[in-house]
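Descriptive structure summary
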Amino acid sequence: MKAMIFAAGLGTRFKPWTDTHPKALAIVNGKSLLQRNIEYLQQFDIRDVIVNVHHFADQIKNVINENYGWGSNITISDESDELLDTGGGLMKAKDFLKEAPFVTINADILTNLDIFQFEDFHQRSDALISLAVTNRETSRNLLFNANDRLCGWRNITTKEEKIVIDMHPLHEMAYSCVAIFQPEVFDIIRQQGKFSLTETYLDLADGNMILGYDHSGDDFVDVGKPQSVERAEMIFK
């Protein structure tokens, strides 16, 4: 299986580091977030990885080259001219990923989610997309029915809500920004240009099987802000 690491973002919540560096190169216990995710994927025999870049793109390219991809085969998807968000970034990487099921992860996510088990769930459920989720608290949640099928999205803070499948009761789960896709997804994504994968998930959910995979209890840190580095360093040595 191949993988995509989303590393192109501006990292505005991670200032002042991101004033002069990409967030993907932020350090947790002596290793960058990018290195940690590449080595994490290697634990599950995933060594063919595409990384999208935009913010201080050359820094990421140079670090990958200097470290020989930390033992993986790294392809760069260069978004220097235009930041495409996760959905647009995925579509730009289509040619690298379109041959077989693949996994995606955000560069600022650290977890010990077992991808072997996640992949087994994905294959057995015959899902188009499987989304890793947990029951942690967050302001924005995905909504699932009793069979863990994606039915909507809710912003707890603003009360904004989008229900695409009316199959109540629905329960909230927090997206871990790790997903497994069937390559057929590229044939039916309707969005173009710059767009979020969440938009795609909701657009496709009514006509396709998009399921949540609950990995609550696994180690998980969203290293989205400088304050979260301390917590990450306590867990990921």
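A brief report on the enclosed structure follows. Here the residue numbers are simple positions, counted from 1 along each chain's written sequence. Predicted model: local features are reported for residues with pLDDT of at least 70 only, side-chain atom pairs are reported and counted for 80 or more only, and whole-chain, interface and lining totals are derived from all residues. By convention in this description, side-chain values take in all heavy atoms of the structure and omit both hydrogens and water.

1. Points about the packing of aromatic side chains
For clarity, the threshold we go by: What counts as a ring pair is set by centres within 6.5 Å for rings of Phe, Tyr and Trp (its six-membered ring), and what kind of pair is set by the plane angle: stacked under 30 degrees, edge-to-face over 60, tilted for all other angles. Categorising residues by exposure relies on relative accessible area from a 1.4 Å probe, with only protein chains included: less than 20% of the type maximum marks a residue as buried, more than 50% marks it as exposed, and the intermediate range marks it as partly exposed. Per the convention used, a helix needs a DSSP run of H or I reaching at least four residues, while a strand needs a run of E reaching at least two, with both numbered from the N terminus. By the criterion adopted, a ring carries a charge over it if an Arg CZ or a Lys NZ lies within 6 Å of its centre and within 35 degrees of its normal.
For the coordinates displayed, the defined rule picks out eight aromatic pairs. Residues Y40 and F44 carry aromatic rings whose centres are separated by 5.4 Å and whose planes lie at 75° to one another, so their mutual orientation is edge-to-face. Just as Y40 is buried, F44 falls in that class too. With 5.0 Å between their ring centres and 50° between their planes, F121 and Y213 make a pair best called tilted. Residue F121 is found in helix α5 (residues 115-125), and its partner Y213 is found in strand β13 (residues 210-214); the two are separated by 92 residues along the sequence. An aromatic cluster is defined as three or more aromatic residues linked by ring pairs; in this entry it consists of F102, Y175, F181, F186 and Y201. Geometry around F96 places K2 over its ring, the cationic atom sitting 4.4 Å from the centre.

2. Details of α5
Operational definition: Directions pointing from the helix axis toward each C-beta atom define the arc. Any two residues whose heavy atoms approach within 4.5 Å at even a single point are treated as in contact. Nitrogen and oxygen atoms within 3.5 Å of one another constitute a polar contact, given that in protein one can donate a hydrogen and the other can accept it, and given that sequence-neighbouring residues count only through two side-chain atoms.
Taken together, the buried positions of α5 are I115, F118, F121 and H122. Taken around the axis of α5, the buried residues stretch over an arc of 120°, which confines them to a single face. In α5, the exposed residues that point more than 90 degrees away from the buried face are Q123 and R124. Packing partners of the buried residues in α5 comprise α1 (33-42), β8 (129-134), β12 (171-181) and β13. Where α5 begins, the capping side chain belongs to D114, and its oxygen is found 2.9 Å from the backbone nitrogen of F116. In the segment just after α5, D126 is the residue with positive phi, at about 60°.

3. Observations regarding the pattern of salt bridges
Put simply, the rule is: We count a salt bridge whenever a side-chain nitrogen from Lys or Arg sits within 4 Å of a carboxyl oxygen from Asp or Glu.
Taken as a whole and assessed by the stated rule, the structure comprises 10 salt bridges. The partner of K15 in a salt bridge is D19, and the shortest N-O contact between them spans 2.6 Å. Residue D19 is classed as partly exposed on the basis of its relative accessible area of 41%. Residues D58 and K61 are paired through a salt bridge, measuring 3.9 Å at the closest nitrogen-oxygen approach. Here D58 pairs with K61, and both are found in helix α2 (residues 57-66), just three residues apart, close to one helical turn. Here K61 falls in the partly exposed class, since its relative accessible area comes to 22%. By sharing partners, the salt bridges in this structure join D58, K61 and D78 into a single network.

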